[in-house]
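Chain by chain, the residues:
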Amino acid sequence: QVQLVESGGGLVQTGGSLRLSCTASGKIFVVNVMGWYRQAPGKQRELVATITSGGSTNYADSVKGRFTISRDNAKNTVYLQMNGLKPEDTAVYYCNADVRPRVGDLFRLYWGQGTQVAVSS
């Protein structure tokens, strides 16, 4: 089994910064893409950013220039540095990881439990 555990959420004022972390553990042979998604109250879950094992990144237009995704492949950990936070960034942030648990297994997508980010105006 694979577990993803997020940390780093909290309450900040507009313009502030937070750094989220997410570590995958358990039965892991290789991790491909890792990503961050968010879900605000009453809205659908949306992409924030993704990063491949080779370091290629993709961002939602709404966070480009403010958020930076990175990862440590040796630790199976993905980070999200969030600067210039706005009230509209308030949401539960979820990480996911595309994991091959064992040699010969298919890749499977796993999700963390989420961490709350709240930005006050």
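> Sorry, what's going on with the overall build of the chain here?
A count of helices and strands for the chain gives 0 helices and 11 strands. Listed by position from the N terminus, the elements making up the chain come as β-β-β-β-β-β-β-β-β-β-β. In terms of overall dimensions, the chain is globule-like: its C-alpha atoms have a radius of gyration of 14 Å, near the 14 Å expected for 121 residues. Along the first, second and third principal axes, the C-alpha atoms of the chain reach 50 × 25 × 20 Å.

> For this particular structure, what's the right way to read the packing of aromatic side chains?
Following the criterion strictly, the structure yields 1 aromatic pair and no others. Seen in terms of ring centroids, tyrosine 37 and tryptophan 111 are 5.2 Å apart; in terms of plane orientation they differ by 65°. Their pairing is edge-to-face. Taken together, the residues span a long stretch of sequence, with tyrosine 37 in strand E4 (residues 30-39) and tryptophan 111 in strand E10 (residues 108-111) at a distance of 74 residues. On the basis of relative accessibility, which here comes to 35%, the residue tryptophan 111 falls in the partly exposed class. A cation sits over an aromatic face here: arginine 45 above tyrosine 94, 3.7 Å from the ring centre.

> What am I meant to see in the environment of leucine 80 here?
Following the sequence through the fold, leucine 80 ends up in strand E8 (residues 77-82). C-alpha separation for the pair leucine 80 and leucine 20, spaced 60 residues apart in sequence, amounts to 5.0 Å.

> Just to check I follow, could you spell out the sheet that holds E8 for this structure?
Two strands in a sheet stick together by hydrogen bonds in their backbones, pointing the same way (parallel) or opposite ways (antiparallel). The sheet built from 4 strands is open, its strands ordered E1-E3-E8-E7 with antiparallel pairing. Among the strands making up the open sheet, the edge pair consists of strand E1 (2-7) and strand E7 (67-72). For this sheet the average axis-to-axis angle between neighbouring strands, irrespective of direction, equals 15°. The sheet contact formed by E7 and E8 spans 6 bridges and is antiparallel. Within E8, the residue paired with arginine 71 across the bridge is valine 78.

> Would you mind showing me how to read unusual backbone geometry here?
Keep in mind that most residues, glycine aside, have a negative phi and that most peptide bonds are trans. The backbone of asparagine 76 shows a phi angle near 50°, a positive value even though the residue is not glycine. Assignment of secondary structure puts asparagine 76 in the loop between E7 and E8.

> How should I be thinking about the layout of surface pockets in this particular structure?
Where empty space is left in the structure can be found by rolling a water-sized probe over the atoms. There is about 190 Å³ of room inside the largest pocket. Considering the residues around the largest pocket, the lining is formed by 13 residues, among which Arg38, Ala40, Lys43, Glu46 and Glu88 are closest to the centre. Tallied by class, residues from the lining of the largest pocket come to 2 nonpolar, 4 polar and 7 charged.

> Explain the nonpolar core here, please?
One broad trend across soluble globular proteins is that nonpolar side chains are buried collectively. Ranked by internal contacts, the top residues of the largest apolar core, which has 30 residues, are Trp36, Leu80, Met82 and Tyr93. Of all the elements, strand E9 (residues 91-100) adds the most residues to this core, at 5 residues.

Rules behind the numbers
- Residues numbered from 1 in each chain as written.
- Predicted model: local features only at pLDDT ≥ 70, side-chain atom pairs only at ≥ 80, totals over all residues.
- Heavy atoms only, no water.
- Helix = DSSP H or I, 4+ residues; strand = E, 2+ residues; numbered from the N terminus.
- Rg over C-alpha atoms; globule rule 2.2 N^0.38 Å.
- Phe/Tyr/Trp six-rings, centres within 6.5 Å; stacked < 30°, edge-to-face > 60°.
- Buried < 20%, exposed > 50% of the residue type's maximum accessible area, 1.4 Å probe, protein only.
- Lys NZ or Arg CZ within 6 Å of the ring centre and 35° of its normal.
- Pairing = 2+ DSSP bridges.
- Axes fitted to C-alpha atoms, helices over the stretch in contact; angles between N-to-C directions.
- 1 Å grid on protein atoms, 1.4 Å probe; cavity = no way out; pocket = protein on both sides within 12 Å on 5 of 7 lines; lining within 4 Å.
- Points joined across faces, edges and corners; volume = space filled by probe spheres on them.
- Nonpolar A, V, L, I, M, F, W, Y, C, P; charged D, E, K, R; others polar.
- Core = buried A, V, L, I, M, F, W, Y, C linked by side-chain atoms within 4.5 Å.

Structural measurements only, silent on function.
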